[in-house]
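So the chains spell out like this:
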Amino acid sequence: MEFFYTYVLISKKDGKFYTGFSENLKNRLNEHNAGKVDSTRFRRPFELIYFEGCRDRNDALHREKYLKTTYGKRYISSRLKRDLEKK
């Protein structure tokens with residue numbers, strides 16, 4: 001069964017989130033940390049703090065768009081409140 005992932009990373013450099021989508025989450029995280037992603041190259045290193053898996057590609061892309069909105073960012077902050085307080 002194939003899954004599509006929406007994920008949230010936190011930059012250890014600036015403490016800000018990056019939200020993305022991938023069919024291979026482990027490889028995508030490695031690409032971010034290796035500087036192979038233009039939009040995140042100068043914010044490395046990253047830590048994966050949240051992900052969701054969907055069986056439908058469009059569902060995962062829709063979720064990524066939501067998590068990039070103000071309401072989505074609030075959701076992530078609320079969902080990970082205790083974990084983010086530790087950092």
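Focus on helix H2 (residues 57-67)
Argument step 1. All of the buried residues in H2 are Ala60, Glu64 and Leu67. Seen from one end, H2 has its buried residues packed into an arc of 70 degrees, which puts them on one side. Of the residues in H2, the exposed ones pointing more than 90 degrees away from the buried face are Asn58, His62 and Lys65.
Argument step 2. Where H2 is buried, its residues meet strand S1 (4-11), strand S2 (17-22), strand S3 (46-54) and helix H3 (70-79).

Section: unusual backbone geometry
Argument step 1. Here the residue pair Arg44 and Pro45 is connected by a cis peptide bond, since its omega of 0 degrees sits within 30 degrees of zero.
Argument step 2. With respect to the helices, strands and loops of the structure, Pro45 is situated in the loop between helix H1 (25-33) and S3.

A look at the nonpolar core
Argument step 1. With seven residues, the main nonpolar core is built from Val8, Ile10, Ile49, Tyr50, Leu67, Ile76 and Leu80.
Argument step 2. Those elements giving two or more residues to this core turn out to be S1 and S3.

Describing the packing of aromatic side chains
Argument step 1. Taken as a whole and judged by the stated rule, the model has five aromatic pairs.
Argument step 2. A ring pair is formed by Phe4 and Phe21, whose centres lie 6.4 Å apart and whose planes are at 10 degrees; its orientation type is stacked. With Phe4 in strand S1 and Phe21 in strand S2, the pair connects residues that are 17 residues apart, well separated along the chain. The same class applies to Phe4 as to Phe21, namely buried.
Argument step 3. Relative to Phe51, the ring of Tyr5 lies with its centre 6.2 Å away and its plane at 65 degrees, an arrangement referred to as edge-to-face. Here Tyr5, found in strand S1, pairs with Phe51, found in strand S3; they are 46 residues apart in sequence, far enough to count as distant.
Argument step 4. For Tyr5, a relative accessible area of 22% gives the class partly exposed.
Argument step 5. Of the residues examined, Phe51 reaches a relative accessible area of 46% and is grouped as partly exposed.
Argument step 6. Through a chain of ring-to-ring contacts, three or more aromatic side chains come together here, namely Phe3, Tyr5 and Phe51.
Argument step 7. Above the plane of the ring of Tyr75 lies Arg63, whose end atom (NZ or CZ) is 5.1 Å from the centre.

Cut-offs applied
Residues numbered from 1 in each chain as written. Predicted model: local features only at pLDDT ≥ 70, side-chain atom pairs only at ≥ 80, totals over all residues. Heavy atoms only, no water. Buried < 20%, exposed > 50% of the residue type's maximum accessible area, 1.4 Å probe, protein only. Helix = DSSP H or I, 4+ residues; strand = E, 2+ residues; numbered from the N terminus. Arc of directions from axis to C-beta. Contact = heavy atoms within 4.5 Å. Core = buried A, V, L, I, M, F, W, Y, C linked by side-chain atoms within 4.5 Å. Phe/Tyr/Trp six-rings, centres within 6.5 Å; stacked < 30°, edge-to-face > 60°. Lys NZ or Arg CZ within 6 Å of the ring centre and 35° of its normal.

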